[in-house]
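Residue-level structure breakdown
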Amino acid sequence: MSNLAIIHPGNLLGKELRETLGRGVTGPSWQEVRLLSTAEEEIGTLTEAGGAAAIVQRYEPGSLDGVSVAFFCGPIAANQAALAELPPDVTAVVLSPDATLADGHPVVAGINARPSGGGGAAEVLVSPHPAVVLLAHLLHPLAEFAPREAVATVVQPASLHDDPGIDELFEQTRQIIAMTPRRRSQVFGAQLAFNLLPAAGAEDTAANVAAALAAVLPAPPPLSLQLVQGGIFHCLAISLHLRCAASPTAQAVRKALAASPFVELAHDPRHLGPIDAAASDKVLLGAVRKDERGVWIWAAMDNLTRGGAVNALEIAASVH
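Heads up: these notes are all about the structure in this document.

With that settled, consider the sheet that holds strand 2 (residues 30–37). A sheet is described by the order of its strands in space; here seven strands give the open sequence 5-2-1-6-7-9-8, paired in parallel fashion. Each of the sheet's edge strands pairs with one partner strand only, and the pair in question is strand 5 (57–58) and strand 8 (105–106). Summarising the sheet, strand 1 (residues 2–7) and strand 6 (residues 69–72) pair through four bridges and their orientation is parallel. Bridging from a neighbouring strand, Ala 5 pairs with Ala 70 of strand 6.

Examined against the element boundaries, Leu 313 turns out to sit in helix 8 (residues 305–319). In this structure Leu 313 comes out as buried when scored by relative accessible area, which is 0%. Through-space distance from the C-alpha of Leu 313 to that of His 241 is 30 Å; in sequence the pair is 72 residues apart.

With that settled, consider the environment of Gln 226. The residue Gln 226 is located in strand 12 (residues 223–230) in this model. Take Gln 226: its relative accessible area is 46%, and that puts it in the partly exposed class. Taking the C-alpha atoms as reference points, Gln 226 and Ala 146, separated by 80 residues in sequence, lie 22 Å from one another. The contact partners of Gln 226, leaving out residues within four places of it in the chain, are Ala 152, Thr 153 and Val 154.

Axis separation between helix 3 (residues 130–139) and helix 5 (residues 202–216) bottoms out at 9 Å; the angle between their running directions is 45°. With respect to helix 5, the element helix 3 is oriented oblique. Relative to helix 5, helix 3 is oriented so that their crossing is right-handed. For the pair formed by helix 3 and helix 5, the contact residues are Ala 131, Val 132, Leu 135, Ala 136 and Leu 139 on the first element and Val 209, Ala 212, Leu 213 and Val 216 on the second.

Turning to unusual backbone geometry, a few remarks are in order. At Asp 162, a residue that is not glycine, the phi angle is positive and equals roughly 60°. Residue classification places Asp 162 among the partly exposed positions, given a relative accessible area of 21%.

What follows covers the packing of helix 3 against helix 8. Interhelical geometry of helix 3 versus helix 8 gives an angle of 90° and a closest axis separation of 8 Å. Judged on the interaxial angle alone, helix 8 and helix 3 are roughly perpendicular. Every residue of helix 8 that contacts helix 3 at Pro 130, Val 133 and His 137 is listed here: Arg 306, Gly 307 and Asn 311. For the contact of helix 3 with helix 8, the per-class residue count stands at two nonpolar, three polar and one charged.

The next subject is helix 4 (residues 162–178). Its 17 residues give helix 4 an end-to-end C-alpha distance of 25 Å, which sits within 8% of 24 Å, the value for a rise of 1.5 Å per residue. All of the buried residues along helix 4 are Gly 165, Ile 166, Glu 168, Leu 169, Glu 171, Gln 172 and Gln 175. At its buried positions, helix 4 is contacted by helix 1 (12–23).

Attention shifts here to the side chain of Asp 103. Following the sequence through the fold, Asp 103 ends up in the loop between strand 7 (91–94) and strand 8. Although Asp 103 is buried, it makes no salt bridge; Arg 114 carries the closest opposite charge, 19 Å away. Here Gln 80 takes part through its side chain, which lies 3.1 Å from a polar atom of the side chain of Asp 103. Look past the residues within four positions of Asp 103 in its chain and what remains in contact with it is Ile 76, Gln 80, Val 124 and Val 126.

Procedures and definitions
Residues numbered from 1 in each chain as written. Predicted model: local features only at pLDDT ≥ 70, side-chain atom pairs only at ≥ 80, totals over all residues. Heavy atoms only, no water. Pairing = 2+ DSSP bridges. Helix = DSSP H or I, 4+ residues; strand = E, 2+ residues; numbered from the N terminus. Buried < 20%, exposed > 50% of the residue type's maximum accessible area, 1.4 Å probe, protein only. Contact = heavy atoms within 4.5 Å. Axes fitted to C-alpha atoms, helices over the stretch in contact; angles between N-to-C directions. Parallel < 35°, antiparallel > 145°, perpendicular 65-115°, else oblique. Left-handed = near helix turned anticlockwise from the far one by under 90°. Nonpolar A, V, L, I, M, F, W, Y, C, P; charged D, E, K, R; others polar. Expected span 1.5 Å × (residues − 1). Lys, Arg positive; Asp, Glu negative; His and termini not counted. Salt bridge = Lys/Arg side-chain N within 4 Å of Asp/Glu carboxyl O. Polar contact = N/O pair within 3.5 Å; in protein donor to acceptor, adjacent residues only side chain to side chain.

Read these as geometric descriptors, not functional statements.
Put into structure tokens, the structure is as follows:
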């Protein structure tokens, strides 16, 4: 059994990680879970980890002594100093959606593994942006059809902006329904409730997603990616168009995806939406249709479970 640590455990992904550990449905066997933070407002907070009460302690040199796996939540900028001094016998699993290839090796559980040759040195593995996880689980089972080009539009939820994003979307919704004066948006820059906006930093995020996907899949097709911000609380939705050398039928694509243990067919594919994927650890597959150039795929995935905590815990389980 291992000693685990969660750094910056108070955000949405940290909470999901702690709750999933408490359910004991996936991840490494653990003896102790340490909650650590460099943020003053988080230090001393009483919460829970693995189903037991716990207090968030200050992260200091030596805080990871005896720890096998350390999960790093929150933005990557808050984690880089601690990652730079990672003890050599600790495996770091980073859950920062804004992490890049410079921060660690991206891994999607069940698709790729950690790089070889780690030895006894500290290694940093990244549970990448949830769009990478979603695309990997859709593209990997279709490798037999030799995809030549992928064009995708991903609708992001407010929870990718953590609690401030959720709070602002909720408050905007309340103000509209109650017909009260609307406050200036601090997170999204405009009204997101009942709306759709270009995602902030979409160009950089799309480039990071494409780079991480190329590190996860052995031979990914060229990807054109559009990221939009949806007025939804949780879960990604994707419209993916694939042009394949083998020109598969929609039925063949659906069958190949259904064979993946990470993909589940939606009960009503014609009406699948992000809300249907909430709390699921699967990618939900919706409508699949063929056109003259390729195949259209509609799918949804929870960014906090399969796209975050569950993926990170399965990474850790594969290492230890």
